[in-house]
Amino acid sequence: MARLPQFDSARIDRFAWVILTVACVGIAFAMRGYTFDDAYITFRAARNFADGHGLVFNPGERYQTTSAPGYALLLAAFCRVFGPGPVPGLATLLSATGLLGGATALYEIGRSRNSRIAGLLAGLFFALSLSNSAAFTNETLPQVALILWGFALILRGNTLASSWLLLAATLMRPDGLMAAAIGLVAMHYVAKRLLWRETAILVCGIGLAALALYLSFGYILPTTMEAKQAQVIGREGQITPFLEGLSGFFRTATGYYSESGFVQLAGLFFCVLLMLNRYWLPVAAWATCHLVFYAYHRIAFYHWYAVAPGVGLSVAAGLLPTGTARLGTSGALHRALVPLTWLLVVGFIGWLVMEGFDYFRFGQFVPATLAASIAAALVAAYACFRFASLLPTLALRVTPEMVTKLTYAVAAVWTAVFALAEFRQVGTSILAGRDAAHSDKIALYQSVGRWLDTHLPPGSRVGYSEIGIVGWEAPHISFIDPLGLGSPHMLSNVRRGRALQNIVDANPDAVIIYPPLTGLMRDRPSTFFPPNQTTPYTNFQAYLAGMTDWLHGKYHVEYRDGPCEVWVRNRQQSADESTSGG
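Throughout this description, residue numbers start from 1 for each chain and increase along the sequence as written. Reporting in this predicted model follows two pLDDT cut-offs: at least 70 for local features of residues, and 80 or more for side-chain atom pairs to be given and counted; totals over whole chains, interfaces and linings ignore these cut-offs and use all residues. Side-chain numbers come from the whole structure's heavy atoms, not from hydrogens or water.

**A closer look at the overall build of the protein**
- When helices and strands are counted, the protein shows 28 helices and five strands.
- Burial classes: relative accessible area under 20% of the type maximum marks a residue as buried, over 50% as exposed, and values in between as partly exposed (1.4 Å probe, protein chains only). Taken across its 582 residues, the protein has 55% of its residues classed as buried.
- Of the contacts made within the protein by residues no fewer than 6 positions apart, 72% connect residues no fewer than 24 positions apart.
- All accessible areas in this document rest on Shrake-Rupley with a 1.4 Å probe, and a residue is counted as covered only by the protein chains that are shown. When the accessible surface of the protein is summed, it comes to about 24,800 Å², and 65% of that surface belongs to carbon and sulfur atoms. Segments assigned H or I by DSSP are reported as helices when at least four residues long, segments assigned E as strands when at least two residues long, and all are numbered from the N terminus. Any two residues having at least one pair of non-hydrogen atoms within 4.5 Å are treated as being in contact.

Structure below.
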């Protein structure tokens, strides 16, 4: 096999660090102030732990509402020293650090095996991924950075440090156990011997954490997983299973590519390249295991679950152009690749004529789209050069070095084209989470939470389906989540698609009425309607018009902010129930 052209490695390293840092800092700056409701569930658990109430959402309840105990403990330590106010800002900073850490780890994996271009492209695609920017302020990006650097250190031979990083990732969020297992296998494979210290660190550390969780809550894995399984069975709030939601998430981002089978074709080519570049296998195996685990257990899809599969797409996008270049330098593969590349060329031209040019009208940009396009351009260029070199009437001789340089040139041009297309839509793609409607909803939740904390007695119970931000703003109020995140005994109603029955049974002191709660009634039998009647209502006003005497008989509106209302239980009835022991 001919040697690839040599580049100035030190210059590439400096260039890569600058590019990745600028990209990550730019995304972090654009996402400043962004948040979403579920992240605040962990924030509140952290504050309760710092205040001595335990790692729980509602003080006095022995229930692990957060699925990221290690991340919550880290925030709790910060909260204990600096108070709760800066916690959301710290979470944003940790996410930005995780984004840069994950991008640089991917580059380090490529650099450690003299494949800097593949590492740089993978890191860049990771930094620009829509799923990553949408996960800001929760634990996902810091955990992914720990995992990827754990894999990178294995390739550098620093297995001891790798074991500590993978342990930290598992403690941060229990599904890091998959990465720890893959990393342990990779350590032993690289070292060619049994690594007792690394094995003891992971096994003992995870075992002690599992014991601590069992003693604290009576179980090891967060039962929020069971709640999210129940949500899928009951399809509460139109929640979709993981695989269906993930497919829709990437289909929305990739546009026409996902409808044509072109991404799948590039994926098959990537599998071949992966076997020839096995240093990427731990990352690919972890992304695949993450996808299979959540799909097999039919966990409800939430947007931050797309981050791990997105890492696999980033690796594919980085490996496709450079892997194609390496294949092009193999003389033994030339004869086999010529007919294959011509077949791909014909297919690509047909697809481009039929629908491909519509892509640029939307300006959508994700790693899978870019990877497929680069692969098509590369195989087309390679096939043309190889065909020209086989014609006896032409004096053109194609050398492996020419093919390699052409590959990198096409990859650079194609990347620039797609980046320009993305910039046209940056306001509605990467920064989609910061639109006006989302910001208004966050501000609404904050004002409602402050009103609850000010006007309801401490310890009052409030029913609502999104408890993160309102719960953070109302630390002295207990919340009842009808979707089952707050108590395991509610899951039977969730599985039957009757989540609102949980609020009726709990008989709370107040109920927040807003579309995320009323949406649970959509197209299914409801507690608030006669038996066997399906509610077609999809908005707040229709919901109020159809409510039965349960709400109107026991509660009255005491606070209104736009479409959101807080219904507080009537005082006379509260006194009667208190007298009767209810």
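**Describing the nonpolar core**
- If you look at the biggest cluster of nonpolar residues, it comprises 125 residues, and the most contacted ones within it are Phe-151, Trp-280, Trp-286 and Leu-452.
- In this structure Leu-452 touches Val-462, Ala-474, Ile-477, Phe-479, Ile-512 and Val-566, once residues within four positions along its chain are discounted.
- Residues Leu-500, Val-504, Ile-513 and Trp-567 belong to the second largest nonpolar core, which totals nine residues. In these notes, a set of buried Ala, Val, Leu, Ile, Met, Phe, Trp, Tyr and Cys residues joined through side-chain atoms within 4.5 Å is what counts as a nonpolar core.

**Looking at the environment of Leu-319**
- Counting through the fold element by element, Leu-319 comes out in helix 16 (residues 307-328).
- The buried category is assigned to Leu-319, whose relative accessible area is 1%.

**Notes on the pattern of salt bridges**
- Put simply, a salt bridge is a Lys or Arg side-chain nitrogen that is within 4 Å of an Asp or Glu carboxyl oxygen. Evaluated as defined, the whole model comprises 10 salt bridges.
- Linking Glu-466 and Lys-441 is a salt bridge whose minimum nitrogen-to-oxygen distance equals 3.2 Å. In this pair, Glu-466 is assigned in the loop between strand 1 (461-463) and helix 22 (468-473) and Lys-441 in helix 21 (residues 436-455), connecting sequence segments 25 residues apart.
- Here Lys-441 falls in the partly exposed class, since its relative accessible area comes to 25%.

**A short note on the environment of Ser-112**
- Tracing the backbone shows Ser-112 in helix 4 (residues 87-112).
- C-alpha separation for the pair Ser-112 and Leu-153, spaced 41 residues apart in sequence, amounts to 9.3 Å.

**So, the sheet that holds strand 2 (residues 478-480)**
- Here five strands make up an open sheet; going across it, the order is 2-1-3-5-4 and the pairing mixed. The open sheet terminates on both sides in strands that have one partner only, identified here as strand 2 and strand 4 (555-561). When the angles between neighbouring strand axes are averaged without regard to direction, this sheet yields 25 degrees. At least two bridges found by DSSP between two strands is the condition for calling them paired. Every axis corresponds to a line fitted to the C-alpha atoms, with the helix fit spanning only the stretch in contact, and the corresponding angles, defined between N-to-C directions, vary from 0 to 180 degrees.

**Details of the pairing of strand 3 (residues 510-513)**
- Side chains Ala-510 and Ile-512 project from strand 3 onto one buried face, and the interleaved Val-511 and Ile-513 project onto a second face that is buried too.
- As paired elements, strand 1 and strand 3 share two bridges and run parallel to each other. Within strand 3, the residue paired with Gly-463 across the bridge is Val-511.
- In this sheet, strand 5 (residues 564-569) lies alongside strand 3 in antiparallel orientation, the contact comprising four bridges. Opposite Ile-513, over in strand 5, you have Glu-565 as the bridge partner.

**A short note on the side chain of Asp-481**
- Checked against the element boundaries, Asp-481 lands in the loop between strand 2 and helix 23 (491-495).
- For the buried Asp-481, no salt bridge exists, and the shortest N-O distance to an oppositely charged side chain is 9.6 Å, to Lys-228.
- Setting aside chain neighbours within four positions, we find Asp-481 in contact with Tyr-464, Ser-465, Ile-467, Gly-486 and Met-490. Two residue types count as positive, namely Lys and Arg, and two as negative, namely Asp and Glu; His and chain ends fall outside the count.

**Concerning the packing of aromatic side chains**
- Here a Phe, Tyr or Trp ring, Trp counted by its six-membered ring, pairs with any other such ring whose centre lies within 6.5 Å, and the pair is stacked when the planes are under 30 degrees apart, edge-to-face when over 60, and tilted otherwise. A complete count under the given rule lists 19 aromatic pairs for this structure.
- With centroids separated by 5.2 Å and ring planes inclined at 25 degrees, the aromatic side chains of Phe-36 and Trp-304 adopt a geometry described as stacked. Pair noted here: Phe-36 is in the loop between helix 1 (9-30) and helix 2 (37-50) and Trp-304 is in the loop between helix 15 (281-296) and helix 16, with a separation of 268 residues, a long-range link.
- Given a relative accessible area of 7%, Trp-304 falls into the buried group.
- Plain terms: the ring middles of Tyr-279 and Trp-280 are 5.6 Å apart, the flat faces sit at 40 degrees to each other, and that makes the pair tilted. With respect to burial, Tyr-279 and Trp-280 carry one shared label: buried.
- Three or more aromatic residues joined by ring pairs make a cluster, and in this case those are Tyr-34, Phe-36, Phe-242, Phe-293, Tyr-294, Phe-301, Tyr-302, Trp-304 and Tyr-305.
- Comment: the charge-over-ring label is applied if NZ (Lys) or CZ (Arg) is within 6 Å of the ring centre and within 35 degrees of the ring normal. The ring centre of Trp-472 lies 3.9 Å from the NZ or CZ of Arg-47, which sits over that ring.
- One residue, Lys-228, lies across the ring of Tyr-302, its end atom 4.8 Å from the ring centre.

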